[in-house]
Amino acid sequence: MKDKKFAEEIEDVFRYATSQKERLNAKLDLKLHDCSRKEMWVEFAFESREWCLNPYGGVHGGIICSIIDTGMGTACASYSGKYVSTTDLTVSYLKPMMGKHYLIHVDLTQAGSRMIRCMAKVSDAESGLLCATGMASFITSGDRPKGVRV
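Thresholds, definitions, all that
Residues numbered from 1 in each chain as written. Predicted model: local features only at pLDDT ≥ 70, side-chain atom pairs only at ≥ 80, totals over all residues. Heavy atoms only, no water. Axes fitted to C-alpha atoms, helices over the stretch in contact; angles between N-to-C directions. Helix = DSSP H or I, 4+ residues; strand = E, 2+ residues; numbered from the N terminus. Parallel < 35°, antiparallel > 145°, perpendicular 65-115°, else oblique. Left-handed = near helix turned anticlockwise from the far one by under 90°. Contact = heavy atoms within 4.5 Å. Salt bridge = Lys/Arg side-chain N within 4 Å of Asp/Glu carboxyl O. Buried < 20%, exposed > 50% of the residue type's maximum accessible area, 1.4 Å probe, protein only. Expected span 1.5 Å × (residues − 1).

This part covers the packing of helix H1 (residues 4-17) against helix H3 (residues 61-80). Closest axis-to-axis distance for the H1/H3 pair is 9 Å, and the angle between their directions is 120°. When the interaxial angle is binned, H1 and H3 end up oblique. Pair H1 / H3 crosses with right-handed handedness. Note on element contacts: H3 touches H1 through Thr74, Ala77, Ser78 and Tyr79, opposite Phe6, Glu9, Ile10, Val13 and Phe14.

Turning to the pattern of salt bridges, a few remarks are in order. Evaluation of the coordinates by the stated rule reveals seven salt bridges. In this structure, Arg37 and Glu9 form a salt bridge, with 2.2 Å as the shortest nitrogen-oxygen distance. Linking Arg37 in the loop between strand S1 (31-36) and strand S2 (41-47) with Glu9 in helix H1, this pair joins segments that are 28 residues apart in sequence. Classification of Arg37 as partly exposed rests on a relative accessible area of 27%. For Asp29, the salt bridge goes to Lys31, with nearest N and O atoms at 2.8 Å. Taking the relative accessible area as the measure of exposure, Asp29 reaches 26% and is therefore partly exposed. The structure contains a network of salt bridges with shared partners spanning Lys5, Glu9 and Arg37.

Turning our eyes to something else, we now look at H1. Counted at 1.5 Å a residue, the expected span for H1 with its 14 residues is 20 Å, and the 20 Å between its end C-alpha atoms agrees. Along H1, the residues classified as buried are Phe6, Ala7, Glu9, Ile10, Asp12, Val13 and Phe14. Summarising the contacts, the buried residues of H1 are in contact with S1, S2 and H3.

With that settled, consider H3. For H3, built from 20 residues, the straight-helix expectation of 28 Å at 1.5 Å per residue is met to within 8% by its first-to-last C-alpha distance of 28 Å. Burial analysis of H3 places 14 of its 20 residues in the buried class, the great majority of the element. Once H3 ends, the next one or two residues include Gly81, with phi positive near 75°.

Interpretation in functional terms is not warranted from these geometric data alone.
In structure tokens:
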């Protein structure tokens, strides 16, 4: 892990966001893979499961959009120390996601006091093929409590 202190902040956001097991953030079950606050990036791992698949056996487009949104939102909340809400989101689906393991790399491209912008790339963890990209903006609202334990 490149940045252990930042990783702890990300894990804290995960604990809060996944505390309600029936909600989408918990069901997606993203895992922190690596991060760097100084370089403003976070990488998550995602494992597709049966409930994530479309009728053709690939990851459903709505799930792809959700892992991108959730990964970027988690990165923004961790970086800013605030609650965040998506204000806009664009996803490009480049290749069918027929595998099992994926990496979501999030770059925070601009972080102001009220708005954070970022980009994401979803790659197949085994082949390295780029499957989807996303761009989004998040607005901050109120300080997120630190060390929330549920």
